[in-house]
Amino acid sequence: VIDSSDKRRLEESGSELRELLAEDKLGGVPLLIFANKQDLLQAVPADEISDSLNLSVIKDRVWTIQACSATKSDTGEGLHEGLEWLVQNVTAK
């Protein structure tokens, strides 16, 4: 989960993600990234976060970035879609 409203931590998040993806035990595991807090004015859009994290270079697994707002209207906007994607891609393995 990425806090879309905190631009300063995107670089740190990218470093942490690269470390996790280097773990042998996680090889080939589908990757879902939630770009949270999209309801805030200062939120970085999911496509810009994808560019910032350089996600396009990930070739050893399927991945997606899902814009969401976990507290929006008590529905958790975007959460359901992300989890559906995850279920489809985990069961496809």
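Residues numbered from 1 in each chain as written. Predicted model: local features only at pLDDT ≥ 70, side-chain atom pairs only at ≥ 80, totals over all residues. Heavy atoms only, no water.

This brings us to the environment of Leu55. Residue placement: Leu55 occurs in the loop between α2 (46-52) and β3 (63-67). For the pair Leu55 and Gly14, spaced 41 residues apart in sequence, the C-alpha to C-alpha distance is 9.1 Å. Excluding its chain neighbours within four sequence positions, the residues that come into contact with Leu55 are Leu17, Ile33, Ser50, Trp63 and Ile65. (Helix = DSSP H or I, 4+ residues; strand = E, 2+ residues; numbered from the N terminus. Contact = heavy atoms within 4.5 Å.)

A cluster of nonpolar residues, Leu20, Leu26 and Val29, forms a patch on the protein surface that exposes about 220 Å² of accessible area. Assignment of secondary structure puts Leu20 in helix α1 (residues 10-21). (Patch = residues over 30% accessible without salt bridge, like charges linked within 9 Å, V, L, I, M, F, W, Y side chains within 5 Å. Areas by Shrake-Rupley, 256 points an atom, 1.4 Å probe, with all protein chains shown as cover. Salt bridge = Lys/Arg side-chain N within 4 Å of Asp/Glu carboxyl O.)

With that out of the way, let us pick up unusual backbone geometry. The phi torsion at Lys37 lies on the positive side, around 70 degrees, for a residue other than glycine. Residue placement: Lys37 occurs in the loop between β2 (31-36) and α2. Although it is not a glycine, Asn54 adopts a positive phi angle of roughly 60 degrees. Position of Asn54 relative to the elements: it lies in the loop between α2 and β3.

Below, the discussion takes up the confidence of the model for the protein. For any part of a model where pLDDT is low, the fine detail of the predicted coordinates should not be relied upon. Overall, the predicted model of the protein reaches an average pLDDT of 91, with 94% of residues at or above 70. α1 is the least confidently modelled element of the protein, averaging 92 in pLDDT, while β3 averages 97, the highest of any element. (pLDDT = per-residue confidence, 0-100.)

Our focus in this paragraph is the nonpolar core. Counting 13 residues, the largest nonpolar core has Ile2, Ile33, Ile49, Leu53, Leu55 and Ile65 as its most contacted members. Among the elements of the structure, α1, β2 and α2 are those that each provide at least two residues to this core. Broken down by element, the residue count for this core peaks at three residues, all from β2. Setting aside residues no more than four positions away along its own chain, Ile2 makes contact with Leu10, Ser13, Ile33, Phe34, Ala35, Asn36, Ile49 and Leu53. (Core = buried A, V, L, I, M, F, W, Y, C linked by side-chain atoms within 4.5 Å. Buried < 20%, exposed > 50% of the residue type's maximum accessible area, 1.4 Å probe, protein only.)

As a further point, take the pattern of salt bridges. Inspection of every chain in the model, using the stated rule, returns four salt bridges. With a shortest N-O distance of 3.9 Å, Arg8 and Asp6 are connected by a salt bridge. A residue is classified by how much of its surface remains accessible, and Arg8, at 75% relative accessible area, is exposed. One salt bridge in this structure joins Arg61 and Asp60, with 3.0 Å as the shortest N-O distance. Assessed through its relative accessible area of 8%, Arg61 is described here as buried.

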